[in-house]
Amino acid sequence: EVDRYTASTPRSAELQAEAERYLPGGSSRGTAYFAPYPFFVERADGHHVVDVDGNRYLDFMLNATTYVLGHSNDRVVEAVREQAANGLSYSTPHESQVRLAQALCERVPSVEKVRFTNSGTEGTLNAIRAARAYTGRHKIAKIEGGYHGNHEYVSVSVYAPLDALDPEEPTSVAEWPGQPPSVVEDVITLHYNDIESTERILRENAAELSCVIIEPVLSNFGYLPADGEYLARLRELTTELGLIFIFDEVQSFRLSQGGAQEQMGVIPDMTTFGKVIGGGMPVGAWGGRADLMDLFDPTDGPVVSHAGTFNANPMTMVAGLATLDQLTPEVYERMNALGDILRAKLRAVFDELDVAVQVTGIGSLFGIHFTEERIVDHRSVLRADRAMQQKLFTGYSMRAS
Ligand code: PMP
C-alpha cells in the first residue's frame, strides 16, 4: 500500500524532502502526518482536496473538522474578499465582532458573553485562567486522554502510553520532557464516564481545584459522546463543590446550533470554541456566565488579562458570520443524518471484510479503531491497532487517487 502511495505522490515526496531542510519533519503541523509523508495540497473545493500530483481526494478531515460547508464556500469567500479590500485588521473594534458574539450568545445555552482568540488553544487557556481567577484556586481536572490544545496546563496525559499509567487510577503524566513537575501536580486526571472514581477524586481535591474541563464528545476517543448520566453528575458535583465546569466544544460545536450542550441538555459555566466559528480562518473563543467573563472587562482595568493583536480580527469574524448564517437547524439535521449513514456503512464494510473494528462518533463526527474491544476511554483507544490506522490512511489516499 505504501509503495502504491509513494508511486502516486512523487511531487509530494520532493516537496517533503525540501521541506525537511527548513521545517522539523517538514511542517508546522502534525495532524495528518502519517509515514512516509503527507501529501501536499494544491487546492481544495467543496469536499475535495487536490494534491500537487493532481490526485483528487474526498476530504473527511476538512481541516480537523473546521469546514461544515466545504472548502471555499461561496458566501464565505465573498465575505473575506470584501473585508480584505477594506483592511485586514484594525486597532479598534469592528461591528463584525459584535455580530459573531451575538450569534454565539443567542445560539449556545451557556454563553452570556464571549471573547475571541486566534486558536482553540488560547480559548481553553483563557477559560482555565478565568476559572482560577474566579475561584482563587489553581488546580484543574481533565479527562485522561483528552486534548484541549497545546498549552502547558492541558498537555498532561493526552497521549500518555499505557506503560506510563497506573493500572488502577487515572494518572497525570507529562507530555514532554522538562514540563515543570508543578504543572503535572496541578492537573488532576479523571477516567471518562467513570462516575464513582471521578466523584471520589474531585471530592479529595476540591479545596485546591478551580475547574473541570471536558469535551462532551471526546475527539481523541473517536468522538465518543460522554454518558448523559456522567455529564449530569459532573454538573451537580461541580456546582456542589464550587468548581467551574468547562465544556470544550472546539469540535462538538458542529453538532447543532447550540453545540453538544444543547443536544445533551447539560449546561456548563463556560464553553470553548474554535474551528467552525471562524469559517476557516484562524479562530478560537471562550464564553459563558457573565460574572466569569466580566473578569476580562477592560473598563476599570481587567481583573484578568487577555491580550492579542489579532483577537477578533475582522477577516475571521466575517468568515465566521458568513458560515453561521448558513448553519440552520435543517443543515445540522441533514449533516447528522449523513453521519449516521456513514457510520452504518463503514460498519457494514468492515463486517464484510471481517476486520475487527469499532466505529465511534456522533452526528458528523466519527472515528475508526481497529480493535474488538468496545471503546470507552483513553486506555481502550491505546489498545487498538495503530499499524492498521496507518494502512487505512495510505490505503485510502491511494484508492482515492
Ligand atoms: N480543543 C479541542 C477539543 C480541539 O480539538 C482542538 C484542536 N484540534 C483544540 C482545543 C485546540 O484548537 P487549536 O488547534 O485551534 O488551537
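- For the protein, an unreviewed UniProt entry supplies the name glutamate-1-semialdehyde 2,1-aminomutase and the organism Geodia barretti.
- UniProt annotates the protein under Pathway (unreviewed entry) with the comment "Porphyrin-containing compound metabolism; protoporphyrin-IX biosynthesis; 5-aminolevulinate from L-glutamyl-tRNA(Glu): step 2/2."
- The Sequence similarities (unreviewed entry) comment attached to the protein in UniProt states, word for word, "Belongs to the class-III pyridoxal-phosphate-dependent aminotransferase family. HemL subfamily."

**A look at the pairing of strand 14 (residues 365-369)**
- By the bridge criterion, five bridges tie strand 13 (residues 358-362) to strand 14 in an arrangement that is antiparallel. Note on strand 14: the bridge partner recorded for Gly 361 is Phe 366.
- Count of turn residues in the strand 13/strand 14 antiparallel hairpin: two residues, of which Gly 363 carries a positive phi of about 55°.

**A short note on the nonpolar core**
- Ranked by size, the top nonpolar core spans 79 residues in total, and within it Cys 211, Val 212, Ile 244 and Ile 246 carry the most contacts.
- The element that contributes the greatest number of residues to this core is helix 12 (residues 314-326), accounting for seven residues.
- Ignoring any residue separated from it by four or fewer positions in sequence, one finds Ile 244 in contact with Ala 131, Tyr 134, Thr 135, Ser 210, Cys 211, Asp 269, Met 270 and Leu 292.

**With respect to the pairing of strand 7 (residues 209-214)**
- With six of six residues buried, strand 7 lies mostly within the body of the structure.
- By the bridge criterion, four bridges tie strand 5 (residues 139-143) to strand 7 in an arrangement that is parallel. Following the sheet pairing, Lys 139 is matched in strand 7 by Leu 209.
- Of the pairings in the sheet, the one linking strand 7 to strand 10 (residues 244-248) comprises four bridges and is parallel in character. Each residue of the ladder has a partner; that of Ile 213, found in strand 10, is Ile 246.

**Focus: the site of the ligand**
- Near the ligand there are 15 residues, and of these Ser 119, Gly 120, Thr 121, Gly 149 and Val 250 occur at the shortest range.
- In terms of residue count, the dominant contributor to the shell around the ligand is helix 6 (residues 120-135) (three residues).
- Class assignment for the residues of the shell around the ligand results in three nonpolar, ten polar and two charged.

**Regarding unusual backbone geometry**
- One non-glycine residue, Ser 157, adopts positive backbone phi at about 50°.
- With respect to the helices and strands, the residue Ser 157 is situated in the loop between strand 5 and helix 7 (181-186).
- Since 25 C-beta atoms lie within 10 Å of it, Ser 157 is described here as buried.
- Here the phi dihedral of Asp 354 falls at roughly 60°; this positive angle occurs in a residue that is not glycine.

Analysis parameters
- Residues numbered from 1 in each chain as written.
- Predicted model: local features only at pLDDT ≥ 70, side-chain atom pairs only at ≥ 80, totals over all residues.
- UniProt positions renumbered as here; feature names shortened; annotations may be inferred.
- Pairing = 2+ DSSP bridges.
- Helix = DSSP H or I, 4+ residues; strand = E, 2+ residues; numbered from the N terminus.
- Core = buried A, V, L, I, M, F, W, Y, C linked by C-beta atoms within 7 Å.
- Buried ≥ 20, exposed ≤ 12 C-beta atoms within 10 Å, placed from the backbone.
- Contact = placed C-beta atoms within 7 Å.
- Near = placed C-beta within 6 Å.
- Nonpolar A, V, L, I, M, F, W, Y, C, P; charged D, E, K, R; others polar.

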